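Fold and contact review
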Amino acid sequence: MTIALTNARVLTVQGWRDDLAVLLEGERILDLVPHSDRRVQSAEQQDLHGKTLLPGFIDTQVNGGGGVLFNDAPTVETIRQIGAAHRRFGTTGFLPTLISDSVDTMRAAIAAVEQAMAEKVPGVLGIHLEGPYLASARKGVHDPKYFHTPGSAELAMLCASHAGVRLLTLAPEQVASESIEALAAAGLVLCAGHTAADYATTKAALAIGIRGFTHLFNAMTPLGSREPGVVGAALDDAQSWCGLIVDGHHVHPATLRAAIAAKPRGKMLLVTDAMPPVGADHPDFVLNGETITAKDGVCQTAQGTLAGSALDMAAAVRNAVEMLGLPLDEAVRMASTYPADFLGLGASHGRIAAGYRADLVVMDDDYKVTQSWIGGVIA
């Protein structure tokens, strides 16, 4: 059955169009055609009543949602619950993210994601392991008792054949160069994060396999006048991608605007770094034995340390427009097209075009998501 999505403002690869219908067939977008096309007339039509049709959002850093944390129970059911919570806010693709934990928990998380993908849990694109190969000096809310250098057995586990994307955040000064090269050669997407590296070390890591930076500015050496640090290396490198938490708390809007202007277009991604309160009624959760509270959109320990966020992707898009002054189409690309490119999925995800996955979001003028499709299936 062909489905025709009609009467929408559509963000196409070429820009905004309000004169096209989007034809869906199975998991894919069949075509974009004028409303007069005979295929529209013979299809099952869904009138979107003038709302905005966008490529579904892709979040590369999702620790939790719907009241659950991936670390607490790295299972298929946890992944399903997290995905359902974030889908309400337009996320149609995500990486369940494991904060630094034991090797046994890492194995369980990897296995759970593999099983979730085998069961076709909606939206799961792979896994993000944020640590445990990080620097204590930039630990953030991570528990440093888990920090260590990966041995041969762990490298074999990480480099083993796998379904979907496998993203690993590491501190380049904590991992041997040959290990970074091996991980990159095995197809992992490598990001620098929670790192005390200097500019030279970071540039060297970029040359051997680091492709991106996890939550730019947070938990890394800052840009200085005589020592550019990790931030300087990230902004100086034209090929790498940077994740940005645009919640008004992690990074000042002026700093974000300057960073976006410094990088080539297409290299900045919106991420949430979301915790259990997203899509849940209760503001508190426990991480590493410590109670974290979400208040006024900020997740903090009792000592005031930021612990992820209570941000969702629809709010991140809104903030990119209202706080940073970005056009809506560019904010949406930062939430969909650019993350797809970063993950190596740019030929199948993140765009409304013929042949692409039918991962779509309908948003109203108040940035509220009213409908979504994942693989052509509506929710």
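The structure we're discussing is the one just above.
Residues numbered from 1 in each chain as written. Predicted model: local features only at pLDDT ≥ 70, side-chain atom pairs only at ≥ 80, totals over all residues. Heavy atoms only, no water.

Tracing the backbone through its elements, the reader meets Pro144 in the loop between β12 (126-130) and α4 (152-159). Classification of Pro144 as partly exposed rests on a relative accessible area of 32%. Through-space distance from the C-alpha of Pro144 to that of Ser100 is 8.2 Å; in sequence the pair is 44 residues apart. (Helix = DSSP H or I, 4+ residues; strand = E, 2+ residues; numbered from the N terminus. Buried < 20%, exposed > 50% of the residue type's maximum accessible area, 1.4 Å probe, protein only.)

A separate point is helix α5 (residues 177-185). Buried within α5 we find Ser179, Ile180 and Leu183. In a view along the axis of α5, the buried residues occupy a sector of 100°, so they form one face of it. Summarising the geometry of α5, the exposed residues directed more than 90 degrees from the buried face are Glu178 and Ala185. Next to the buried residues of α5 lie α4, β13 (165-170), β14 (189-192) and α6 (199-208). (Arc of directions from axis to C-beta. Contact = heavy atoms within 4.5 Å.)

For the rest of this paragraph, the subject is the sheet that holds strand β24 (residues 377-378). Strand order in this open sheet of six strands is β3-β2-β7-β22-β23-β24, and the pairing throughout is mixed. If you trace the sheet from one side to the other, it starts and ends with β3 (15-17) and β24, each paired once. (Pairing = 2+ DSSP bridges.)

The relative placement of two packed helices comes down to the angle between their axes together with the axis-to-axis distance. Remark: α4 packs on α5, axes separated minimally by 9 Å, with the N-to-C direction vectors making an angle of 20°. With respect to α5, the element α4 is oriented roughly parallel. You can see that α4 and α5 cross each other, and the crossing is right-handed. Where α4 abuts α5, its residues Leu155, Leu158 and Cys159 lie against Ser179, Ala182 and Leu183. (Axes fitted to C-alpha atoms, helices over the stretch in contact; angles between N-to-C directions. Parallel < 35°, antiparallel > 145°, perpendicular 65-115°, else oblique. Left-handed = near helix turned anticlockwise from the far one by under 90°.)

Below, the discussion takes up the pairing of strand β1 (residues 2-6). On a regular strand, each side chain points to the face opposite its neighbour's, so the side chains alternate between the two faces of the sheet. Along β1, five of the five residues are buried, which leaves the element largely enclosed by surrounding structure. What you see with β1 is no split at all: Thr2, Ala4 and Thr6 on one side and Ile3 and Leu5 on the other are buried throughout. As judged from the four bridges shared by β1 and strand β4 (residues 20-25), these two strands associate in the antiparallel manner. Pairing of Ile3 across the sheet is with Leu24, part of β4. Relative to strand β6 (residues 44-47), β1 runs parallel, the two sharing four bridges. Among the inter-strand pairings, Leu5 is bridged to a residue of β6, identified as Gln46.

Looking now at the packing of aromatic side chains. Evaluated as defined, the whole model comprises one aromatic pair. Judged by centre distance (5.7 Å) and plane angle (50°), the rings of Trp241 and Phe342 are tilted. With a gap of 101 residues between them, Trp241 in strand β16 (residues 241-244) and Phe342 in helix α11 (residues 337-342) connect regions that are remote in the sequence. There is no split in this pair, since Trp241 and Phe342 are both buried. In this arrangement the basic side chain of Arg9 is found over the ring face of Trp16, its NZ or CZ atom lying 3.8 Å from the centre. Note that Lys267 overlies the ring of Trp241, its terminal NZ or CZ placed 3.4 Å from the centroid. (Phe/Tyr/Trp six-rings, centres within 6.5 Å; stacked < 30°, edge-to-face > 60°. Lys NZ or Arg CZ within 6 Å of the ring centre and 35° of its normal.)

Before going further, it helps to spend a moment on the sheet that holds strand β5 (residues 28-34). For sheets, the rule is that strands pair by backbone hydrogen bonds, running either parallel or antiparallel. One open sheet accounts for four strands, arranged β5-β4-β1-β6; its pairing is mixed. Since the sheet does not close on itself, it has two edges, and those belong to β5 and β6, each with one partner. This sheet shows a mean twist of 25° between the axes of neighbouring strands, independent of strand direction. In this structure, β4 lies alongside β5, joined through six bridges in antiparallel fashion. Each bridged residue has a counterpart across the sheet, and for Ala21 the counterpart in β5 is Val33.

No statement about biological role is implied by the geometric values presented.
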